[in-house]
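# Examining the three-dimensional arrangement
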Amino acid sequence: RQMPALQSGDYVPVAADGDLLPYRRWRDGATATIVLNLGAEPVSLESSAKGLAGEILLSTLMDRNGEKIAGTLDLRANEGVIIGAPADQLADNVG
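Below you will find a few notes about this structure. What you are looking at is a predicted structure, and each value in this text was computed from that prediction instead of being measured.

Turning to the packing of aromatic side chains, a few remarks are in order. Counted according to the given criterion, the structure contains 1 aromatic pair. Taken together, a centroid distance of 5.2 Å and an interplanar angle of 40° make the contact between Tyr11 and Tyr23 tilted. Residue Tyr11 is located in strand β1 (residues 10-13), and its partner Tyr23 is located in strand β2 (residues 20-27); the two are separated by 12 residues in the primary sequence.

The subject of this paragraph is the pattern of salt bridges. Summed over all chains, the structure comprises 6 salt bridges. Linking Glu55 and Lys68 is a salt bridge whose minimum nitrogen-to-oxygen distance equals 2.8 Å. Placement of Glu55 in strand β5 (residues 54-59) and of Lys68 in strand β6 (residues 68-69) is noted, with a sequence separation of 13 residues between them. A relative accessible area of 7% places Glu55 in the buried class. A salt bridge links Glu79 to Arg76; the shortest N-O distance between them is 2.9 Å. In this structure, a network of salt bridges that share partners links the residues Asp63, Arg64, Glu67, Arg76 and Glu79.

Grouped together as the largest cluster of nonpolar side chains are 10 residues: Leu20, Val35, Leu45, Leu52, Ile56, Ile69, Leu73, Leu75, Val81 and Ile83. Looking at this core, the elements with two or more residues in it are β7 (72-75) and β8 (80-84). The residues contacting Leu52, other than those within four sequence positions of it, are Arg24, Thr33, Val35, Leu45, Ser47, Ile69, Leu73 and Ile83. Residues Met3, Tyr23, Ala32 and Ile82 belong to the second largest nonpolar core, which totals 5 residues.

Moving on, we come to the sheet that holds β8. One open sheet accounts for 6 strands, arranged β1-β2-β3-β8-β5-β6; its pairing is antiparallel. The two strands at the open ends of the sheet, each matched to only one other strand, are β1 and β6. Looking at chain direction, β5 and β8 are connected through 4 bridges and run antiparallel. Residue pairing across strands places Ser59 opposite Val81, the latter belonging to β8.

As a further point, take the environment of Pro4. Here Pro4 shows up in helix α1 (residues 4-8). Expressed as a C-alpha distance, the spacing of Pro4 and Arg27, which sit 23 residues apart in the sequence, is 6.9 Å. Setting aside residues up to four positions removed in sequence, Pro4 forms contacts with Gly9 and Arg27.

Procedures and definitions
- Residues numbered from 1 in each chain as written.
- Predicted model: local features only at pLDDT ≥ 70, side-chain atom pairs only at ≥ 80, totals over all residues.
- Heavy atoms only, no water.
- Phe/Tyr/Trp six-rings, centres within 6.5 Å; stacked < 30°, edge-to-face > 60°.
- Helix = DSSP H or I, 4+ residues; strand = E, 2+ residues; numbered from the N terminus.
- Salt bridge = Lys/Arg side-chain N within 4 Å of Asp/Glu carboxyl O.
- Buried < 20%, exposed > 50% of the residue type's maximum accessible area, 1.4 Å probe, protein only.
- Core = buried A, V, L, I, M, F, W, Y, C linked by side-chain atoms within 4.5 Å.
- Contact = heavy atoms within 4.5 Å.
- Pairing = 2+ DSSP bridges.

Below, the structure written as structure tokens:
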């Protein structure tokens, strides 16, 4: 509910690579980036190459909330993350 883009935002594909499936959801100027590692091996993704910025809002393994994305996004086997603006920027945009 805090991110309407996840519920009903436009789907914007980002170039997939191997077992990585990145995409964005966009609505009313808010963007959430979802990156899924569908493989059984850990992978690293150059965050600047895919335009990733912000912080991890949620991981399928529930242990990375608030982690800043800087340079490289490392995903464990079968892990997915939702990346959004840092919490302080989200709070500034509410209201």
